[in-house]
Amino acid sequence: MDYQAILNVIEKELEHFDPGGKVPDYIPELAKIPADKFGMHLYCLDGKNFSFGDHDERFSIQSISKVFTLALAKKHGGKKIWKRVDVEPSGDPFNSLLQLEKENGIPRNPFINAGSLVIADILISELENPKEYLLDFVREISDDPTIEYDEKVAASEYQHGYRNIALVNYMKSLGNIENDADDILDFYFHQCSIAMSCCQLAKAFVIFANEGKTLITNKKVIGTNSAKRINAIMQTCGFYDEAGEFSFRVGLPGKSGVGGGIVAVHPGQYSVAVWSPLLNEKGNSEKGMKALEELTSLTGLSIF
């Protein structure tokens, strides 16, 4: 498969594509990102990689980080984590409070904000220094020791994160949060602030395409079963209340973030990341979704 030729076609076809939408402004630091940024990077399991555009520029990965924290929670917390967070699609916005009230503080899945806050709580209980541990994990699987938290983004989120503050305190009142709310929010806002490029993200997500093994060293960092389970949750829950649309159009497990990034995996084949900051009304990058739809259409391959 000539992936570079395919990516070149995608870049040319989407050169004048107008996705509409806007750069998110409820996190002021994200509002500063130029709306015309666009890049894509694909890593095959044999190490060959292909790219175009702003694929090497770092951006705030936001909710893409929830896949990393879930992998760590599954590794250190085992099956017991599923007693505190479900694995069902939400059908509601990612920051909804309504379902928590109806379902006794148990979030529908680990990729909505409430679910990821519970995962953060679990990691704070299980790890001595979860922020350092998470960063070390991301650096290892991306084979890049320079990856850092963006402290300006983390501070910006904390100053305007009223809904997340409400979510964690509401779940605490219902008995599904064990640690101090401020500690959980500090960890959560930092995980969302991790700055990575499409290149780094594609390399990091190889573990979900490669049965839990890293690209460079082939080291097993998560179990094969965990990789399978996480892929399944990405397939059904990775795009909030647009998960069905992404599955229909693209046909790969994936995860989006309001920083404009999307990562998707074709198990046994490749991992791919795309970045375009303009978001649709569901909080996903419309141009990024279109690029991945073109990828699976032009290759004729998806998981279906």
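The rules we used
Residues numbered from 1 in each chain as written. Predicted model: local features only at pLDDT ≥ 70, side-chain atom pairs only at ≥ 80, totals over all residues. Heavy atoms only, no water. Axes fitted to C-alpha atoms, helices over the stretch in contact; angles between N-to-C directions. Helix = DSSP H or I, 4+ residues; strand = E, 2+ residues; numbered from the N terminus. Parallel < 35°, antiparallel > 145°, perpendicular 65-115°, else oblique. Left-handed = near helix turned anticlockwise from the far one by under 90°. Contact = heavy atoms within 4.5 Å. Pairing = 2+ DSSP bridges. Nonpolar A, V, L, I, M, F, W, Y, C, P; charged D, E, K, R; others polar. Buried < 20%, exposed > 50% of the residue type's maximum accessible area, 1.4 Å probe, protein only. Lys, Arg positive; Asp, Glu negative; His and termini not counted. Salt bridge = Lys/Arg side-chain N within 4 Å of Asp/Glu carboxyl O. Polar contact = N/O pair within 3.5 Å; in protein donor to acceptor, adjacent residues only side chain to side chain. Phe/Tyr/Trp six-rings, centres within 6.5 Å; stacked < 30°, edge-to-face > 60°.

As for the packing of helix α7 (residues 162-173) against helix α8 (residues 181-193)
Thinking step 1. Look at α7 against α8: their axes get within 10 Å of each other, and the N-to-C directions meet at 135 degrees. By the angle class used here, α7 and α8 are oblique. Viewed along their axes, α7 and α8 form a crossing whose handedness is right-handed. Judged by residue contacts, N164, I165, V168 and N169 of α7 engage A181, I184, L185, Y188 and F189 from α8.

Quick notes on the sheet that holds strand β7 (residues 261-266)
Thinking step 1. Strand order in the open sheet formed by five strands is β2-β1-β8-β7-β6, with antiparallel pairing between adjacent strands. Two strands bound the open sheet, and with one partner strand each, they are β2 (49-53) and β6 (254-256). For this sheet the average axis-to-axis angle between neighbouring strands, irrespective of direction, equals 5 degrees.
Thinking step 2. Pairing of β6 with β7 involves three bridges; the strand directions are antiparallel. Across the sheet, residue K255 finds its bridge partner in β7, namely V263.
Thinking step 3. Across the sheet, helix α1 (residues 3-13) is in contact with β1 (39-44), β2 and β8 (270-275); its angle to β2 comes to roughly 20 degrees.

Re the sheet that holds strand β4 (residues 148-149)
The strands that make up a sheet are held in pairs by hydrogen bonds between backbone atoms, and each pair lies either parallel or antiparallel.
Thinking step 1. What the three strands build is an open sheet, ordered β3-β5-β4; its pairing is antiparallel. A single partner strand is all that each edge strand has here, and the edge strands are β3 (59-60) and β4.
Thinking step 2. The sheet contact formed by β4 and strand β5 (residues 194-196) spans two bridges and is antiparallel. Its bridge partner being in β5, E148 is matched across the sheet by A195.

Here's the deal with the packing of helix α2 (residues 65-77) against helix α5 (residues 130-142)
Thinking step 1. Two elements in contact, α2 and α5, have axes separated by 11 Å at closest approach and are oriented at 105 degrees. Classified by the angle their axes make, α2 and α5 are roughly perpendicular. Counting all contacts with α2, which are made through F68, T69, A71, L72 and H76, the residues of α5 involved are Y133, L134, F137, V138 and I141.
Thinking step 2. Its residues assigned to classes, the contact of α2 with α5 shows eight nonpolar, two polar and no charged.

Looking at the side chain of S276
Thinking step 1. Position of S276 among the secondary structure elements: in the loop between β8 and α13 (286-299).
Thinking step 2. Judged by relative accessible area, which is 2%, S276 ranks as buried.
Thinking step 3. For S276, the residues in contact, after removing those within four places along its chain, are K37, F38, G260, S285, K287 and G288.

Quick word on the side chain of K66
Thinking step 1. Tracing the chain through its elements places K66 in helix α2.
Thinking step 2. Although K66 is buried, it makes no salt bridge; E157 carries the closest opposite charge, 9.0 Å away.
Thinking step 3. Separated by 3.0 Å, the side chain of K66 and the backbone oxygen of F111 make a polar contact.
Thinking step 4. Excluding anything up to four places from it in sequence, K66 contacts P110, F111, I112, N113, S116, Y188, Q191, Y240 and K255.

Digging into the packing of aromatic side chains
Each aromatic ring pair is summarised here by two numbers: the centre-to-centre distance and the angle between the ring planes.
Thinking step 1. Per the counting criterion, the structure on display carries nine aromatic pairs.
Thinking step 2. Here the aromatic rings of Y3 and F50 are separated by 5.9 Å at their centres, their planes lie at 40 degrees, and the arrangement is tilted. You can see Y3 sitting in helix α1 and its partner F50 sitting in strand β2, a full 47 residues away along the chain. Here the two residues Y3 and F50 agree in accessibility, since each one is buried.
Thinking step 3. Joined through ring pairs, the aromatic side chains of Y3, F50 and Y270 make up one cluster.

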